[in-house]
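Coordinates in review
What follows is the residue order along each chain.
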Amino acid sequence: HRNLTIMLIPGIAVLILNAYLPIFGVFIAFKQINYADGIWGSPWVGFDNFSILFSSNSLWRITRNTVGYSLVFMVVNMAISIGIAIGISEIRNRAFAKAYQTSMLMPNFLSMIIVSYLVYAFLHPTQGFMNASVLQGLGMDPVNWYMEKSYWPSILVLVNAWKGVGMGAVVYIAAIAGIDQEYYEAAVLDGASKWQQIRHITIPSITPVIIILAILSMGNVFEADFGLFYQVTLDTGALYPVTDVVDTYIYRAMIELGDLGVSSAVSLVQSALGFVLVLLTNYAVRRINSDNALF
């Protein structure tokens, strides 16, 4: 398999450069970075850099928001992605199917800065589409969206889903395409409806893929999309109770302290917790059904 092995080299090189070499930077989390002395010459401070996170009065709030949003995003995006994948796979006209798939995938390539402008165009206090067209058209009072925290959990879920479900649907479309068509043919002969085919053939067939993606997603539960929570919300202080997450909190701390070691310490904690969650989730899946476990 020499030729196939050679084809693996670029992918392995990218993986090593982006995933393994940066691991050597973990020691920065245990140093007080002095830019005059450089990274290697900066003094060791042990676990002092971790104190800014664990001694913070906002620890419960940012942890709750980070974990809560991550879990909701995972469930909502997965459900919508599966629904879109099943819907597109049922379209017999391949040209229309490709057009729908492309339109759903395009938001994934937009920068969060562009997304923030789109959201702002909808939610501008006076000229936004929601206030100027929808609410006033219904005879309702306008809402200052960027000062009302109660709306933002739903807004963030919608924005994240709009941007991310297209990419998730691609994976499930590929999984559905791999299902043997003889199963559907046999189901039709037995008089199964379309819904019964989806329920008893499509979903069980792609369940291993769903479980694997869920296990991998658990590794990001303690991480948040910085652009979503910082750019889209315009970093508005009034929204911090429902939009402040670990990443935005540490970013503001970095701006104030200018300490790279603190940022590295928090990233290390996030990675370690994510790794543990992946192991625990995979262990639970393996206890239930070993065939669906990742390892």
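To be clear, the structure that these remarks concern was listed above.
Worth saying up front: this structure is predicted, and the values here are computed from it rather than measured.

Structural notes on the overall build of the chain
Counting its secondary structure elements, the chain contains 14 helices and 0 strands. Secondary structure elements of the chain occur, N-terminal to C-terminal, as α-α-α-α-α-α-α-α-α-α-α-α-α-α. Counting only C-alpha atoms and orienting by the principal axes, one finds that the chain spans roughly 75 × 70 × 35 Å. Across the 295 residues in the chain, those meeting the buried criterion constitute 36%.

Thoughts on the packing of helix H4 (residues 59-89) against helix H10 (residues 194-217)
Running from N to C, H4 and H10 cross one another at 145 degrees; their axes reach a closest spacing of 11 Å. Two packed elements cross with a definite hand, and for H4 against H10 that hand is right-handed. Contacts between H4 and H10 pair Met-74, Met-78, Ile-82 and Ile-86 from the former with Ile-198, Thr-202, Ile-203, Ile-206, Ile-210, Ala-214 and Ser-217 from the latter. Here the contact of H4 with H10 is composed, by residue class, of 9 nonpolar, 2 polar and no charged.

Structural notes on the environment of Ala-186
Along the chain, the position of Ala-186 falls in helix H9 (residues 181-189). Ala-186 sits in the partly exposed class, given a relative accessible area of 38%. In sequence terms Ala-186 and Met-7 are 179 residues apart; their C-alpha atoms lie 39 Å from each other.

Quick word on the environment of Leu-213
Position of Leu-213 relative to the elements: it lies in helix H10. Owing to a relative accessible area of 26%, Leu-213 belongs among the partly exposed residues under this scheme. Leaving out residues up to four positions away in the same chain, Leu-213 has contacts with Val-171 and Tyr-172.

Side note on the nonpolar core
One finds Met-78, Ile-82, Tyr-172, Ile-176, Ile-179, Ile-206 and Ile-210 to be the most contacted residues of the largest nonpolar core, which totals 24 residues. Among the secondary structure elements, those contributing two or more residues to this core are H4, helix H8 (152-177), H9 and H10. The element best represented in this core is H4, accounting for 8 residues. Those residues in contact with Ile-210 that lie beyond four places of it in its chain are Met-78, Ile-82 and Tyr-172. Judged by nonpolar contacts, the second largest core, of 22 residues, contains Leu-135, Tyr-146, Ala-224 and Val-245.

Some thoughts on unusual backbone geometry
Unusually for a residue other than glycine, Leu-234 sits at a positive phi of about 60 degrees. In this structure, Leu-234 sits in the loop between helix H11 (226-232) and helix H12 (240-243). With a phi angle near 50 degrees, Asp-235 is a residue other than glycine that sits in the positive phi range.

Observations concerning the layout of surface pockets
Taken as a whole, the largest pocket holds about 800 Å³ of empty space. If you go around the largest pocket, you meet 27 residues; those closest to its centre are Met-74, Asn-77, Asn-160, Ser-217 and Asn-220. Counting residues per element, the ones that place at least two in the lining of the largest pocket are H4, H8 and H10. A class-by-class count of the residues in the lining of the largest pocket yields 14 nonpolar, 10 polar and 3 charged. In this structure, the second largest pocket encloses a volume near 550 Å³. Residue lining of the second largest pocket: 21 residues in total, with Glu-223, Ser-271, Ala-272, Gly-274 and Phe-275 positioned closest to the centre. Secondary-structure elements contributing two or more residues to the lining of the second largest pocket are helix H1 (2-20) and helix H14 (260-288). Top contributing element to the lining of the second largest pocket by residue count: H14, with 9 residues.

Focus on helix H5 (residues 94-105)
Because an α-helix packs 3.6 residues into every turn, residues spaced three or four apart end up facing the same way. Between its first and last C-alpha, H5 extends 16 Å over 12 residues, near the 16 Å set by a 1.5 Å rise per residue. When we look at burial in H5, the residues that qualify are Ala-97, Gln-101 and Leu-105. Looking straight down H5, one finds that the buried residues subtend no more than 65 degrees of arc, so they occupy a single side. Contacts from the buried residues of H5 go to H4 and H8. At the N-terminal boundary of H5, the capping side chain belongs to Asn-93, with an oxygen 3.0 Å from the backbone nitrogen of Ala-95.

Structural notes on a nonpolar patch on the surface
On the surface, Leu-8, Ile-12, Leu-15, Ile-16, Leu-17, Tyr-20, Leu-21, Ile-23, Phe-24 and Val-26 cluster together into a nonpolar patch covering about 980 Å² of accessible area. With respect to the helices, strands and loops of the structure, Ile-23 is situated in the loop between H1 and helix H2 (38-41). Take Ile-23: its relative accessible area is 49%, and that puts it in the partly exposed class.

Rules and cut-offs
- Residues take numbers from 1 onward in each chain, read along the sequence in its written order.
- Given that this is a predicted model, residues contribute local features only at a pLDDT of at least 70 and side-chain atom pairs are listed and counted only at 80 or more, while totals for whole chains, interfaces and linings are drawn from all residues.
- Values reported for side chains reflect all heavy atoms of the structure, with hydrogen atoms and water molecules removed beforehand.
- Numbering of helices and strands starts at the N terminus; helices are DSSP runs of H or I of at least 4 residues and strands are runs of E of at least 2.
- Note on exposure labels: buried denotes an accessible area under 20% of the residue type's maximum, exposed denotes more than 50%, and partly exposed covers the range between, all computed with a 1.4 Å probe on protein chains only.
- Each axis is a line fitted through C-alpha atoms, taken for helices only over the stretch in contact, and angles between the N-to-C directions span 0 to 180 degrees.
- Helix crossings get a hand from a simple test, with the near helix turned counterclockwise from the far one by less than a right angle marking a left-handed crossing and a clockwise turn marking a right-handed one.
- Whether two residues touch is decided by their heavy atoms; if any such pair falls within 4.5 Å, the residues are in contact.
- Here the nonpolar group is Ala, Val, Leu, Ile, Met, Phe, Trp, Tyr, Cys and Pro; Asp, Glu, Lys and Arg are the charged ones; every other residue, Gly included, is treated as polar.
- Here, nonpolar core means buried Ala, Val, Leu, Ile, Met, Phe, Trp, Tyr and Cys residues that are tied together by side-chain atoms lying within 4.5 Å of each other.
- Of the two site types, the cavity is a set of points on a 1 Å grid over the protein atoms alone where a 1.4 Å probe fits but cannot get out, and the pocket is an open set with protein on both sides within 12 Å along at least five of seven lines, each lined by residues with an atom within 4 Å of a point.
- Grid points are joined across faces, edges and corners, and a volume is the space filled by probe spheres set on the points.
- Given a helix with a known number of residues, its expected span is that number minus one, times 1.5 Å.
- Summarising the geometry, the arc corresponds to the directions from the helix axis toward the C-beta atoms.
- Residues adjacent in sequence count toward polar contacts only when both atoms are side-chain atoms; beyond that, a polar contact is any pair of N or O atoms within 3.5 Å, and within protein one must be able to donate a hydrogen and the other to accept it.
- Patch membership requires over 30% relative accessible area and the absence of a salt bridge. Like charges are linked within 9 Å, and nonpolar side chains (Val, Leu, Ile, Met, Phe, Trp, Tyr) within 5 Å.
- Here, Shrake-Rupley sampling with a 1.4 Å probe gives the accessible areas, and only protein chains in the shown set may cover a residue.
- Here, a salt bridge means any side-chain nitrogen of Lys or Arg that lies within 4 Å of a carboxyl oxygen of Asp or Glu.

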